[in-house]
Structure formats: C-alpha cells, structure tokens
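Understanding the architecture of this molecule
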Amino acid sequence: MQVPNDLPKEVLEIREDIRTMRIRGAGRIARAVAMALSKAAAAFVGNDVDEFVKYMEETAAFLRGARPTAVSLPNAISFVMRRLREKGIATVDEGKRTVEEAAKEFVEYSERAVDEIGELGARRFRSGDVVMTHCHSSAAAAVLAAARRAGKVDRVYVKETRPRLQGLIAARVLADAGLDVILIPDSAVRYFMKDVDRVIVGADAVAANGAVVNKVGTSVVALAAKEARVNFYVAAETYKFSPKTLIGELVPIEFRDPAEVVGREWLQEHPNVEVLNPVFDVTPAEYIDAIITERGVISPYAAPLILLEEYGVHAWD
Ligand SMILES: O=P(O)(O)OC[C@H]1O[C@H](OP(=O)(O)O)[C@H](O)[C@@H]1O
C-alpha cells in the first residue's frame, strides 16, 4: 500500500497500532481512524483544494487497509469522507475544519452509543443471571457493567480467547466493574454452559442477513448456547453493520501470523506442520436472540432495515 506523501508520523503510528492490535476492538479502531483522518487533515501544507482532497482520499485508502474485518473501520472513514465530499469546500482551511468536525462528531457518537447500548442491554437481564462472554468487547462489557449497577448480574464466565488472550482484558474490566469473574479456557465452553443463563458478545461486523462476524470461537459459544437453550445476545453499534453486504459482498475474514498460535520457535522446529490463525468466524442469525444497538434492541433479521436507514443509497458507495 502506497503511503501518501507527507503523512504525519502519528497517523502512520495509528495505522501500525491497529495492524499490530495495540489498538484493538472494533469501536476503538473506528474512533482511532476518525482521529487519524483529523490529524492528517490538520498536517496538510498548501492552499490547493484539489490537492487537499486527493491527499485525504489517499490517506483514507491507506487507513482502510489497516485491518480487513471490522467494518467499523471503513464505516468511520466513510462517515468523515462523505462530509468532505458533500460539503463542496472552497478553501483548504474549510476542508480541514470539515474533517476535524466530522471526526469529532463520529467519536462522540461512538462513545455515546456504547453507553446507550449498556443501558438498553441491561434491561434484557434478570436478577441472579449468570452470563458468559467471549473476547473483550467494550459494547458487551458496557451491558454487563450496567446490568451489574442495576443489581442484576453477579457472575460472568469469561473465555480466555486464544491466541491473543483478549479474555484477560475482559476479565480485568469486568472485575473492575464489580462482577464476579470466572476465567475459563476456550475449550471449557460447553462444560460450563449448563450454569449460564445468557451469553453476550460484541461484533466486528453485522451482515445484511443478520449474521454476526466476531472473534473466532463466537460461533461455537452460540452453538453451545442454542443446545442449552441459553439466550445469545450481540452488542453492536450501528456503524458495525456492513453496507456492502446489502449488495452481496462477503465480510473478509482476517488470518493473522501463525506465530500468534504456537510461537515463532515452534513454527521453525516444525516446518512440515501448517498452522492457521483465522481471527473471526460467522454466527448465523438463527443462533442470535437479539442484537443490542444504540437505536434499540432488534432481531438479527432487522439488520437490513438498520442498513437501509443508516446508509440508503450510500450502501453502494
Ligand atoms: O467494539 P468492541 O465492542 O470493543 O469490540 C468488538 C469486537 O472487536 C474485537 O476484535 P479484535 O480484538 O480487535 O480482533 C472482538 O472481536 C470484539 O468482540
């Protein structure tokens, strides 16, 4: 991927931090790219409007390639860039202001959305509920923290989420929120499902058919939950809904370095073994009881309504 000329170091660092997962979680990634666009705009030198717009388009394309699956990333970029395209700016300063304001608006919307999801989602829980979660999702954690504040959920099983162990982040966050946390290996999901009343996870992408793409292993939790007749909820802001799936595109699944699974040394010692590291998997709509969004708690089958309301003709952009 070509790096646009004169891109400030902090923008390059944000992209690298997303690629290497120092910045991770679909919502955080979205807020980080919005801010990266704002920083890139501020750093542009010159008065030529066409040059500025070209530079911003190149920056957007460069940031879009940071990670492939979380659709919040391209959606955040589209939110900011659409403003710039539609505004018809007369000066570079106006362009910079437009980008800065749009990025700020996106970040504020995003932070508010997570809080709203927390409050709405908490209503689905009952006093004494035992919950299971997978990976670390700030949206799912917001629901659990709100449910805890409402005196509903006490205990939560957190899966360790190999190979990157984001479950350890979730365990810390949820313990800090006052929940009793039980950390379990991924392989113990079915063993403990009998003790669980509800499952809640986040999402990296929601497709037009209501399927949810989330951290690999999510679909196995959903299968175990369905078998045990345990409610399965997804917490996802509307900018995690994928407009391109309305026109038949599939959400690409990221595969990361196999060394994340077994370490570099083991790979070198076993050159005849192929190690694969898919990062996400797909949970079909039929396994999902509800998607908790900032616009309301919906059936996964209502995903196309959210997409059409949110993006309309822009789904085709
Ligand atoms: O936006 P929030 O709810 O925080 O996270 C949503 C999802 O993003 C994460 O992906 P990764 O760890 O970046 O690969 C997880 O899959 C998580 O469920």
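Residues numbered from 1 in each chain as written. Predicted model: local features only at pLDDT ≥ 70, side-chain atom pairs only at ≥ 80, totals over all residues. Heavy atoms only, no water.

A look at the site of the ligand
Near the ligand you find 19 residues, and of these Arg24, Ser138, Asp204, Asn214 and Lys215 are the closest. The contact in question runs from an oxygen atom of the ligand to an N or O atom on the backbone of Ala26, over 3.1 Å. Ala139 places a main-chain nitrogen or oxygen 3.2 Å from an oxygen atom of the ligand. In the complex, the protein chains occlude 99% of the 450 Å² of accessible area that the ligand would expose alone. Mapped by element, the contributors of at least two residues to the shell around the ligand are helix 2 (26-43), helix 6 (138-149) and strand 6 (212-215). (Near = heavy atom within 4 Å. Polar contact = N/O pair within 3.5 Å; in protein donor to acceptor, adjacent residues only side chain to side chain. Areas by Shrake-Rupley, 256 points an atom, 1.4 Å probe, with all protein chains shown as cover. Helix = DSSP H or I, 4+ residues; strand = E, 2+ residues; numbered from the N terminus.)

Focus: the sheet that holds strand 9 (residues 290-293)
If you walk across this open sheet you meet the 7 strands as 3-2-1-4-7-9-10, and the pairing is mixed. Strands at the two margins of the open sheet, each flanked by one partner only, are strand 3 (180-184) and strand 10 (296-298). Between one strand axis and the next, the sheet turns through 25 degrees on average, direction left out of account. Note that strand 7 (residues 231-235) and strand 9 share 3 bridges and pair parallel. Residue pairing in the sheet places Ala235 in a bridge with Ile292 of strand 9. Together, strand 1 (130-133), strand 2 (155-159), strand 4 (198-201) and strand 7 form the strand contacts of helix 9 (residues 218-227), whose direction differs from that of strand 7 by roughly 150 degrees. (Pairing = 2+ DSSP bridges. Axes fitted to C-alpha atoms, helices over the stretch in contact; angles between N-to-C directions. Contact = heavy atoms within 4.5 Å.)

Thoughts on the UniProt feature "binding site: substrate" (unreviewed entry) in the chain
UniProt tags Arg24, Gly25, Ala26, Gly27, Arg67, Asn214, Lys215 and Lys240 as "binding site: substrate" (unreviewed entry). Their sequence span is 217 residues, while the largest C-alpha to C-alpha distance among them is just 14.2 Å; these annotated residues converge on one region. Relative to the helices and strands, Arg24 is located in the loop between helix 1 (9-19) and helix 2. Using a relative accessible area of 11% as the deciding quantity, one classes Arg24 as buried. Apart from residues lying up to four places away in sequence, Arg24 is in contact with Ile29, Arg67, Cys135, His136, Gln166 and Ile169. By the element assignment, Lys240 lies in the loop between strand 7 and helix 10 (259-262). Dropping the residues within four chain positions of it, Lys240 is found in contact with Ala26, Gly27, Val71, Ser72, Asn75, Ala203, Asp204, Ala205 and Val206. A polar contact is formed between the side chain of Lys240 and the side chain of Glu237, at a distance of 2.5 Å. (UniProt positions renumbered as here; feature names shortened; annotations may be inferred. Buried < 20%, exposed > 50% of the residue type's maximum accessible area, 1.4 Å probe, protein only.)

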